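Understanding the architecture of this molecule
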2 protein chains.
Amino acid sequence: LEEITPEESLDYDNSENQLFLEEERRMSHMGFRCLETRRWVICGLIGFLTGLIACLIDIAVEKLAGYKYSAVKQNIEKFTEFGGLSISLILWAVLNSAFVMVGAIAVAFFEPIAAGSGIPQIKCYLNGVKIPRVVRLKTLAIKVFGVICSVAGGLAVGKEGPMIHSGAVVAAGVSQGRSTSLKKDFKIFEYFRRDTEKRDFVSAGAAAGVSAAFGAPVGGVLFSLEEGASFWNQMLTWRIFFASMISTFTLNFFLSIYHGKPGELSSPGLINFGRFDSDVSSYIPFESFIFFSFHFPGGVLGALFNVINYWLTIFRIRYIHRPCLQVMEAMLVAAVTATISFAMIYFSNDCQPLGQDNTEEYSLQLFCADGEYNSMATAFFNTPERSVRSLFHNPPGSYNPLTLGVFTLAYFVLAVWTYGLTVSAGVFIPSLLIGAAWGRLFGILLSTITSSQSIWADPGKYALIGAAAQLVTHACHLCFVLLEHEAHVCGLYDVHIKLQSVPFLHWEAPPTSHWLTAREVMSSPVTCFNRVEKVGRIVDVLSNTSTNHNGFPVVPGKICGLILRSQLIVLLKHKVFVERASSRLSHRKLQLKDFRDAYPRFPPIQSIHVSQDERECMMDLTEFMNPTPYTVPQETSLPRVFKLFRALGLRHLVVVDNENRVVGLVTRKDLARYHLGKDGLEELHLAQT
Amino acid sequence: LEEITPEESLDYDNSENQLFLEEERRMSHMGFRCLETRRWVICGLIGFLTGLIACLIDIAVEKLAGYKYSAVKQNIEKFTEFGGLSISLILWAVLNSAFVMVGAIAVAFFEPIAAGSGIPQIKCYLNGVKIPRVVRLKTLAIKVFGVICSVAGGLAVGKEGPMIHSGAVVAAGVSQGRSTSLKKDFKIFEYFRRDTEKRDFVSAGAAAGVSAAFGAPVGGVLFSLEEGASFWNQMLTWRIFFASMISTFTLNFFLSIYHGKPGELSSPGLINFGRFDSDVSSYIPFESFIFFSFHFPGGVLGALFNVINYWLTIFRIRYIHRPCLQVMEAMLVAAVTATISFAMIYFSNDCQPLGQDNTEEYSLQLFCADGEYNSMATAFFNTPERSVRSLFHNPPGSYNPLTLGVFTLAYFVLAVWTYGLTVSAGVFIPSLLIGAAWGRLFGILLSTITSSQSIWADPGKYALIGAAAQLVTHACHLCFVLLEHEAHVCGLYDVHIKLQSVPFLHWEAPPTSHWLTAREVMSSPVTCFNRVEKVGRIVDVLSNTSTNHNGFPVVPGKICGLILRSQLIVLLKHKVFVERASSRLSHRKLQLKDFRDAYPRFPPIQSIHVSQDERECMMDLTEFMNPTPYTVPQETSLPRVFKLFRALGLRHLVVVDNENRVVGLVTRKDLARYHLGKDGLEELHLAQT
């Protein structure tokens, strides 16, 4: 998560220059229909590929974890009789560390941006903060490989979070019809090569990811809405829903085939908590009360998680920033996880009779009598998803309170330590598992106190309530589980985003910021260009690394347009100079296509050679600048500027005086640096964008 | 539905004048917290009251319909033996007509805006079109009374649609802390007396209504999002969800008590289709195919519904515009409904044995043998909700195909005729019922053809699929049922909105409108005022009924502000004239409170007396105008203007030239008149706003 180092902002406001308008005006009604159809096709493809990836992750994790647990189980069984279980422990720890090492090496050395769940990065992307390499093919490959290793390596992580990032990368790739990494351009979907369009598809991809992870298309749509609602429109929502449906259907279809039940379609998402009988959804009023009271411990644990993890992250940023150290920490955590688990199982004497219906897949007998199994092992000797399922569904009496209490504590410590490691992993499942454990514990205690077995009979219900509360959530609708999960874990993500000083724009300006005006928040003086500008000056300004501006108002006195660095770079690359055009009649007119081809990796100014002669030439910007940039007067209040900026997804907002002369430029970082602190408005120091 | 006659637009952009800014700057951090708390309290109240209203409607309908059906049933049973069933028919028809008459009189004579479901009106309100009297207390009373009468009167309508309107009215009332109709001002929540804030609460109210109607809080949130997403933010969404939860909980709580099962909380919404066994949600692939193929007949029937109803509406606007005619038409439909139902039951010879578990509440034996009941009667001799439930849940063989076919046809005709009557009623349930009927029919036919009883055993499943398809829907998640219902029925609403020439702004400008610029779409010349303007001129301009402008740029040469008609009226009323202020030192400074007190029913200009002397005075607008209105250059393309207008919920957008001089004003109707027709862009004629 250290890798949220923004370089630039994204531009969700189209540059409506002459080239663009000409193209749009040339396009027929039929042409727009065609585009719309293509958008649907792309969303279908995004859903399909995202579903396939989820399927791949699921199967790989299941296979690898299966091998691992079988090996360890055999070993344990072998040594239980003769003594020497420490060898089993070492085997387990080594296996864990080996898996995690491979994953951590891939992430730390090859693509650090693939660390964590990727949700903060996608949040930032949809918000308009460009984080380098976040939607590249290589990132996807490392991410998928990494998450398989971390889950198979037994870390306290889930495989669901990374699906959101994976879906987003798939979307960014498919919608552009090419891969720059693979140097392959299919020459399709060229119209969609700009931030505005790409962003819509990335929302769809993220939604498809959520949908594949949780089997909840509606949840996917809600996730995307929450992150990008200011640009919402109806058709886009339907496309996002379509992508989500296709994604969960694809996963379901292939997983069902893999499980040998083709046609049954019983695996809609990566998590599957099994079916609850209807009792769970019909709480009696007193239980509603319990339900709400559960939010208190859930909140306390969550806050504790955030605080500890905050300090841990600061520690990591300060001391563990070299890749090899990061890999070693991950391996250490993996080994410790195995050790703690082993110790828990070893010292637990919670033996339960083996039932017919709830036979655990890797049930360990250990020191229990024949026909019994060690109940602690169902919690620890398992992938986290399976543990959650056991906590939800195993019949009353499957766990004793001490087991659950110790488990909650141990798993909490492990989860806090694990989150933020340089591995690809999600934090959703660990939260759920902790909640399920203390929820079930609470249910058992309650049943002991009240001893009215009829109502309090099923502690699995309390496990569910606890898991829900841990995510500040309403349990039945998974879409809301997710939405709320966001709201809660978001505290966590926000911590990480804040630590990185990312210029993340929230929904509204801080309420007490009305006394600030555009004049105070804007950057000035602004570097402006003339409509017809000398090439030398443009090159000099672009090369000036101390300012590194990305947008330039165009002015003969009054504001008459806005041109972007990326556009100027393309113009310089194609040498669209006035003298040249007049001397060579055959000079090809620059087209929108040239800008699209360069998108999104515009070359740096240093790579463009401009001769001394050319420096004396002039460049006519009229055709390429956006002739109608949004402007505000200097007296506009910060909330008003903020609203305009956020609602339209702007990157640059020109501040003008009464005479329409440029006096300043508002960018993302100018707005994002005001936060509401304890003592009112605070100004933050942010990374340059 | 004829009553969508907009007078004005709403202003979802705050007028940030000096008074407003001073107030905001004076307010402490604590003050904003306080406001936020109040918003939550209001949302809770909205949810609670909306739930109570839903409860009232439900109980009243059940009681009245119960009395009616009991009476008719007794009568039928009496005359079945002796002959003379025509008396039963007359009794039934008269009872129906009587109920409907009372409801129709209330609507037609006292508050015509309460006709229909009210969903188009709320859509318009959230979109920014102000329809007079739409959120008044009187409207609510008539609406609730009307819907009870229409449903009890046996019309082919549902009681769910009107809940959305009811919730919105409750929200508008509660959030303002006063009722102008009752002349009662609680002097609370004064801060929320402006369009922006009121609108947020109305969204919450509409959501609470949806939630109470369908028992789906998530559906409520989605409905509100869909209608007003351009102003969405996270806290607002949570408040909306809170209102929805409280609403469905309140309804559930009180209905459960009413049904004698306090604490069971088994009535989350007005509709309750019973519980489906899990089979329904696990389709096998071939059934998925069936599911999708069902959308075709659903779409055809829906389109047919829209076309017929379109012509019917035009006929009604032309010939049935007098209230007494409207009441008579409603009574006629009620009588015809009874007659058709009776005829169906009478001529049907579909006798089914009375089961133990599925005893119909008003099962009619009629000419069936003892121990049997007439199956047609379960479809017709019932409230539509119950009929839907029977179609979903009655065991295979409860209906024969002919019954269902005839029922579908008859009910379709009745529903088409009923929609648009001057009664308060919803169209959701009739659509569902038609879908359920042909779905079940289709299921039976399919099972006859394939004769593989194992898979096709449950025609109730097909009823569900049909109902879903009729609403172009995915059945399991009710939130999506609702969202899609919107998308489909919306065609219907859009027809009505279009017929009324309402300046409704869609999500985006038509795609082929890039060749239009602000210069072409704006209204000009614009009436401007000076910063210090003569009172006489202001009065003259405001009194000019031929222009009837609502926003005026303030200009000494260049644009320096925008002032609204409502603000000028308040200034005139309080006689804030420059000469006066200097002569009388004690003259009270006008405060924001004075504007809030006048909101939203500002007096007309005619009611304000200005003497000849006063006409010569001057008025200083500086403090009251919005000093930073949004402006665009003349060359801005229509889609760009549209995006700005829609995203910020503007009412006036000033078009300026290069020198910042006012050249035109873009209002809602300037943008709404461009539509995409068959041959490209079309210009519509719209009602003046």
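Residues numbered from 1 in each chain as written. Chains lettered and ligands numbered in written order. Predicted model: local features only at pLDDT ≥ 70, side-chain atom pairs only at ≥ 80, totals over all residues. Heavy atoms only, no water.

Notes on the pattern of salt bridges
Side-chain pairing between opposite charges can occur once the charged atoms of the two side chains come close. Scanning the model with the defined rule gives 51 salt bridges over all chains in all. Close ionic contact of Arg640 of chain B with Asp13 of chain A constitutes a salt bridge, the shortest N to O distance being 3.1 Å. Residue Arg640 of chain B is located in helix α25 (residues 638–648), and its partner Asp13 of chain A is located in the loop between β1 (8–9) and α1 (18–26); the two belong to separate chains. Take Asp13 of chain A: its relative accessible area is 12%, and that puts it in the buried class. For Glu616 of chain A, the salt bridge identified is with Lys534 of chain A, shortest N-O distance 3.7 Å. Linking Glu616 of chain A in the loop between α25 (612–615) and β10 (618–620) with Lys534 of chain A in strand β7 (residues 532–534), this pair joins segments that are 82 residues apart in sequence. A single network of salt bridges, built from pairs that share partners, joins Arg178, Asp185, Glu190, Arg193, Lys593 and Asp597 of chain B. (Salt bridge = Lys/Arg side-chain N within 4 Å of Asp/Glu carboxyl O. Helix = DSSP H or I, 4+ residues; strand = E, 2+ residues; numbered from the N terminus. Buried < 20%, exposed > 50% of the residue type's maximum accessible area, 1.4 Å probe, protein only.)

Quick notes on unusual backbone geometry
Residue Pro525 of chain A is bonded to the preceding Ser524 of chain A through a cis peptide linkage, with omega at 0°. Structurally, Pro525 of chain A is set in the loop between α20 (518–521) and β7. For Asn660 of chain B, which is not glycine, the phi torsion reads 70° and is therefore positive. Asn660 of chain B sits in the buried class, given a relative accessible area of 8%.

Thoughts on helix α4 (residues 119–127) of chain A
When you tally the buried positions in α4 of chain A, you get 9 out of 9 residues, the bulk of the element. Listed as buried for α4 of chain A are Ile119, Pro120, Gln121, Ile122, Lys123, Cys124, Tyr125, Leu126 and Asn127 of chain A.

Section: the packing of aromatic side chains
All names here are of chain A. Tallying each qualifying case throughout the model produces 30 aromatic pairs over all chains. Ring geometry for Phe189 versus Phe192: centroids 6.3 Å apart, planes at 40°, classification tilted. Taking relative accessible area as the criterion, Phe189 reaches 11% and is therefore assigned buried. On the accessibility criterion, Phe192 (0% relative accessible area) is buried. Summarising the aromatic geometry, the rings of Phe249 and Phe253 are spaced 6.0 Å apart at their centres and angled 20° between planes, so their arrangement reads as stacked. Placement of both Phe249 and Phe253 in helix α9 (residues 234–258) is noted, with a separation of 4 residues, approximately one turn of the helix. Judged by relative accessible area, Phe249 falls into the partly exposed class, the value being 42%. A relative accessible area of 33% places Phe253 in the partly exposed class. Members of the aromatic cluster, each reached through a chain of ring pairs, are Phe48, Phe249, Phe253 and Phe254. The ring of Tyr191 carries Arg194 above its face, with NZ or CZ at 4.8 Å from the centroid. (Phe/Tyr/Trp six-rings, centres within 6.5 Å; stacked < 30°, edge-to-face > 60°. Lys NZ or Arg CZ within 6 Å of the ring centre and 35° of its normal.)

Here we look at the sheet that holds strand β12 (residues 652–656) of chain A
Residue and element names in this part refer to chain A. Read across the sheet, 3 strands follow the order β11-β12-β13 without closing on themselves; strand pairing throughout is mixed. Among the strands making up the open sheet, the edge pair consists of β11 (631–633) and β13 (662–667). This sheet shows a mean twist of 30° between the axes of neighbouring strands, independent of strand direction. Alignment of β11 against β12, held across 3 bridges, turns out to be parallel. Of the residues in β12, the one forming a bridge with Pro633 is Val656. Here helix α26 (residues 638–648) sits on the sheet in contact with β11, β12 and β13, set at roughly 145° to β12. (Pairing = 2+ DSSP bridges. Axes fitted to C-alpha atoms, helices over the stretch in contact; angles between N-to-C directions. Contact = heavy atoms within 4.5 Å.)

Examining the pairing of β12 of chain A
Residue and element names in this part refer to chain A. Taken across its 5 residues, β12 has 5 buried, putting it largely inside the fold. Side chains His652, Val654 and Val656 of β12 all project onto a buried face; the interleaved residues Leu653 and Val655 project onto the opposite face, where all are buried too. In this view, the connection linking β11 to its parallel neighbour β12 by way of α26 has right-handed handedness. Where β12 lies against β13, 5 bridges are found, and the strand directions are antiparallel. Bridge pairing links His652 to Thr667 in β13. Where β12 hands over to β13, the hairpin turn is made up of 5 residues, of which Asn660 adopts a positive phi near 70°. (Right-handed = clockwise from strand over helix to strand, strands pointing away.)

Re α1 of chain A
Working note: α-helix, 3.6 residues per turn, so residues spaced by three or four point in the same direction. Buried residues of α1 of chain A: Leu19, Phe20, Leu21, Glu23 and Glu24 of chain A, and no others. Lining the buried residues of α1 of chain A we find α2 (29–82) and α24 (592–598) of chain A.

Description of the side chain of Thr667 of chain A
All names here are of chain A. Assignment of secondary structure puts Thr667 in strand β13. We classify Thr667 as buried; its relative accessible area is 13%. Residue contacts for Thr667: discarding those within four places in its chain leaves Phe645, Arg651 and His652.

A few points about the packing of α2 of chain A against α9 of chain A
Two numbers describe a pair of packed helices, the interaxial angle and the distance between the axes. Residues and elements named next belong to chain A. Packing of α2 against α9 brings their axes to within 7 Å, and their N-to-C directions diverge by 35°. Our pair here, α2 against α9, has a crossing hand that is right-handed. Here the contact of α2 with α9 is built from residues that sort into 16 nonpolar, 6 polar and 6 charged. (Left-handed = near helix turned anticlockwise from the far one by under 90°. Nonpolar A, V, L, I, M, F, W, Y, C, P; charged D, E, K, R; others polar.)

A closer look at the confidence of the model for chain A
Residues and elements named next belong to chain A. Residue-level pLDDT values for chain A average 79, and 81% of them are 70 or greater. Highest mean pLDDT in chain A belongs to helix α5 (residues 137–152) (93); lowest belongs to helix α19 (residues 478–499) (46). Below a pLDDT of 50 lies the segment residues 277–286, which in the model reaches 16 contacts outside its immediate sequence neighbourhood of four places, other chains included. (pLDDT = per-residue confidence, 0-100.)

Things to note about the environment of Ile57 of chain A
Within the secondary structure layout, Ile57 of chain A lies in helix α2. Here the alpha-carbon distance between Ile57 of chain A and Met163 of chain A, two residues 106 residues apart in the chain, equals 9.2 Å.

Things to note about the packing of α2 of chain A against helix α6 (residues 161–176) of chain A
Residue and element names in this part refer to chain A. The contact between α2 and α6 brings their axes to 9 Å, and the two run at 140°. Judged by the angle between their axes, α2 and α6 are oblique. Two packed elements cross with a definite hand, and for α2 against α6 that hand is right-handed. Contacts between α2 and α6 involve Ile42, Leu45, Ile46, Leu49, Thr50, Ile53, Ala54 and Ile57 on the former and, on the latter, Met163, Ser166, Gly167, Val170, Ala171, Val174 and Ser175. (Parallel < 35°, antiparallel > 145°, perpendicular 65-115°, else oblique.)

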